[in-house]
Amino acid sequence: MMPLRSAARLGASLAVALLAGCGTVEQIVHRPEGAPAARGQEPSAPVARPSGKLKPMPLRTFTVKTDCRFKDETGNFGKAIVDVQESKVRAFNVEMTMPKRGSCRYDLAQFRQTQALPSIELAGARDCKVRMWEQGEQITVAFAGCHHLCSPSSAHDYVWPLLIDKPTGQCD
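To keep things clear, this report deals only with the structure shown in the data block. These numbers come from a predicted model, not from an experiment.

When you go through the protein chain residue by residue, the secondary structure sums to one helix and ten strands. A sequence separation of at least 24 residues applies to 37% of the contacts in the protein chain between residues at least 6 apart. Surface exposure of the protein chain reaches about 12,600 Å², of which carbon and sulfur atoms provide 56%.

This is the structure:
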C-alpha cells in the first residue's frame, strides 16, 4: 500500500503532466526569403524590418549634485554625496548599511575616472567599478565587483544601485 503523502505527490505530478500536454507553443520558423515552406506549413508573412525612424541616443554629458540620506523598503539605509559636473566626478562618497548583512563604503579617493561618455565609469582596485548614467530625470549609480570595500565582503552581494532624482537631489 502506497503512503498517503506519496499518492498525493503522484497525483499532483500526473495532473501537471496532463496539463502540460494540453498547452500549445507557437513556433516561429525563419527561412530565407523566397524559400518554399516545409510540407504542411503555411507560408508566413515576411519579417518586419526596422523602419529607420529610431535613432541612437545622442552622447551628452550630465550634471548632478546631491548630499542625501536614504532608506529602502528592505531596511537598507545610507548616505551619499555625489557631485558630477559635465560628466566629470568632483565628489563621490557613498555609505550603505544592509542590516544583518554588513556595510559598504565607496570614496572617490579609491577610484579613478576612466570614462565619461556614454556613461561615467570609476575604476578601483581588484576590478571594482562604479558606473553612473542618466535615465530621464534619474541618475543611476551601480556598483560591481567591490567586495573588498564592504565589511564583511559578502555584504556587497546585497548592494542595490543608488537612484538620484536630478531635479530634487533625493536618492533611493
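Strand order in the open sheet made by the five strands is β1-β2-β3-β4-β9, with antiparallel pairing throughout. Unpaired on one side and paired on the other, β1 (64-71) and β9 (150-151) mark the two borders of the sheet. The pairing of strand β3 (residues 88-98) with strand β4 (residues 102-107) spans six bridges and is antiparallel. For methionine 96, the partnering residue across the bridge sits in β4 and is cysteine 104.

This part is about the environment of valine 94. Within the secondary structure layout, valine 94 lies in strand β3. Overall, valine 94 belongs to the buried group, its relative accessible area being 0%. Linking valine 94 and cysteine 68, residues 26 residues apart in sequence, is a C-alpha distance of 9.7 Å.

Turning to the layout of surface pockets, a few remarks are in order. By volume, the second largest pocket is sized at about 290 Å³. Taken together, 14 residues line the second largest pocket, and the ones lying closest to its centre are Asp72, Glu73, Trp160, Pro161 and Asp172. Residue composition of the lining of the second largest pocket, grouped by class: eight nonpolar, two polar and four charged.

Now for the side chain of asparagine 76. When you line up the elements, asparagine 76 lands in the loop between β1 and β2 (77-85). When its relative accessible area of 13% is taken as the criterion, asparagine 76 is described as buried. In this structure the side chain of asparagine 76 is engaged in a polar contact, spanning 3.3 Å, whose partner is the side chain of threonine 74. Excluding residues that lie within four positions of it along the chain, asparagine 76 makes contacts with Phe70, Lys71, Thr97, Met98, Pro99 and Tyr158.

A few words now on unusual backbone geometry. Following leucine 117, the chain continues into proline 118 via a peptide bond in cis, with omega recorded as 0°. Among the secondary structure elements, proline 118 is positioned in the loop between β5 (111-115) and β6 (120-124). Non-glycine residue lysine 100 carries a positive phi angle of around 65°. Here lysine 100 is to be found in the loop between β3 and β4. Residue lysine 100 is classed as exposed on the basis of its relative accessible area, which comes to 89%.

A few words on the nonpolar core. A general tendency of soluble globular proteins is for nonpolar side chains to be buried together. Counting 31 residues, the largest nonpolar core has Phe92, Tyr106, Met132, Val141, Phe143 and Leu162 as the members making the most contacts within it. Of all the secondary-structure elements, those providing two or more residues to this core are β1, β2, β3, β4, β6, β7 (129-135), β8 (138-144) and β10 (162-165). Sort the elements by how many residues they give to this core and β3 lands first, with five residues. Excluding anything up to four places from it in sequence, phenylalanine 143 contacts Phe92, Val94, Met96, Tyr106, Lys129, Val130, His156, Val159, Trp160 and Leu162.

Calculation notes
Residues numbered from 1 in each chain as written. Predicted model: local features only at pLDDT ≥ 70, side-chain atom pairs only at ≥ 80, totals over all residues. Heavy atoms only, no water. Helix = DSSP H or I, 4+ residues; strand = E, 2+ residues; numbered from the N terminus. Contact = heavy atoms within 4.5 Å. Areas by Shrake-Rupley, 256 points an atom, 1.4 Å probe, with all protein chains shown as cover. Pairing = 2+ DSSP bridges. Buried < 20%, exposed > 50% of the residue type's maximum accessible area, 1.4 Å probe, protein only. 1 Å grid on protein atoms, 1.4 Å probe; cavity = no way out; pocket = protein on both sides within 12 Å on 5 of 7 lines; lining within 4 Å. Points joined across faces, edges and corners; volume = space filled by probe spheres on them. Nonpolar A, V, L, I, M, F, W, Y, C, P; charged D, E, K, R; others polar. Polar contact = N/O pair within 3.5 Å; in protein donor to acceptor, adjacent residues only side chain to side chain. Core = buried A, V, L, I, M, F, W, Y, C linked by side-chain atoms within 4.5 Å.

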